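Chain by chain, the residues:
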Amino acid sequence: MYTEPWYVQLPEGFSTPEFDTKIWSPKKPLVIVEPRLFDASAPVYGYGEVGPTDNDLLAQHDGVPMGEHIIVHGRVTDSWGRPARNLLIEIWQANAAGKYVHDHDNTPKPHDPHFTGAGRTLTNADGEYRFRTIKPGAYPWWKDRESWRAQHIHFSLTGRGLAERYVTQMQFPGDPLLERDPVVSTIPDAKARARLVAQLDWDAAITGVAIGYRFDIVLGGFYATPAEH
Ligand SMILES: [Fe+2]
């Protein structure tokens, strides 16, 4: 049975119900809400769980993926050129045929059972990172016959908090599709577009095995790598 709380029976003049803060206090126990993704203050997987081979997209299955094997590496800095240390970098990409593993990719292209197309790593003390993967294929944008995405790798960079997330895409030098790429061409500044293109890097190549590409990322400032919003 419901009974009036004791505090409305205070002596007259001591307090009035409308100004008595007790009457506005919760009458039921607090509800504990499960933490949600956007409440997290750090990457979901946690820094400690990034494995030493998570950056090797060629070693995630029993067999070797089809396609051109490449090394993608670079340095992440802030607008002052200071290294962005301990940043979680996640990449995702299509396979060599230009096919993603997710269900929304209904293009008539083959899946590669030996390639997922996702990897992650942490930048080191100098802001450097490195991945081993395959060169992704181009895929259609379905707007018209000449509308194709140039070959690219998606990058997500996460800082100490999830609010600090930088998403961008790396393109490949010399790709004839770059000029008409429906995403890259939305960036009006040609110099900014060029900052999305990696550089061929023979120093990072593995002789007879993999070609190297360098993709440096600048987080903000005048020379920032264009980011998706
Ligand atoms: Fe893509």
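Further up the page is the structure itself.
Keep in mind the model is a prediction, meaning the values are calculated, not measured.

Chemist: Break down the coordination of the iron ion for me, citing the residues and quoting the values.
Modeler: Coordination of the iron ion by the protein involves Tyr100 (OH), Tyr139 (OH), His152 (NE2) and His154 (NE2), with metal-donor separations of 1.9 to 2.2 Å. In the primary sequence, the donor residues of the iron ion line up as Y-x38-Y-x12-H-x1-H. Accessibility assignment for this pair places His152 and His154 in one class, buried.

Chemist: Lay out unusual backbone geometry with the relevant residues and their values.
Modeler: In this structure, Asn86 takes a positive phi of about 60° despite not being glycine. Note that Asn86 resides in the loop between strand 1 (69–78) and strand 2 (88–92). Judged by its relative accessible area of 36%, Asn86 falls in the partly exposed class.

Chemist: Mind laying out the pairing of strand 1, listing which residues take part and the relevant values?
Modeler: Taking burial as the measure, the ten residues of strand 1 include eight buried ones, the bulk of the element. Two strands pair when backbone bridges link them, and strand 1 and strand 4 (residues 128–134) are joined in this way by seven bridges, in the antiparallel orientation. Note on strand 4: the bridge partner recorded for Arg75 is Glu128. Relative to strand 11 (residues 217–219), strand 1 runs parallel, the two sharing three bridges. Among the inter-strand pairings, Thr77 is bridged to a residue of strand 11, identified as Val218.

Scoring rules and cut-offs
- Residues numbered from 1 in each chain as written.
- Predicted model: local features only at pLDDT ≥ 70, side-chain atom pairs only at ≥ 80, totals over all residues.
- Heavy atoms only, no water.
- Donors = N, O, S within 2.8 Å, 3.2 Å for Na, K, Ca; no water.
- Buried < 20%, exposed > 50% of the residue type's maximum accessible area, 1.4 Å probe, protein only.
- Helix = DSSP H or I, 4+ residues; strand = E, 2+ residues; numbered from the N terminus.
- Pairing = 2+ DSSP bridges.

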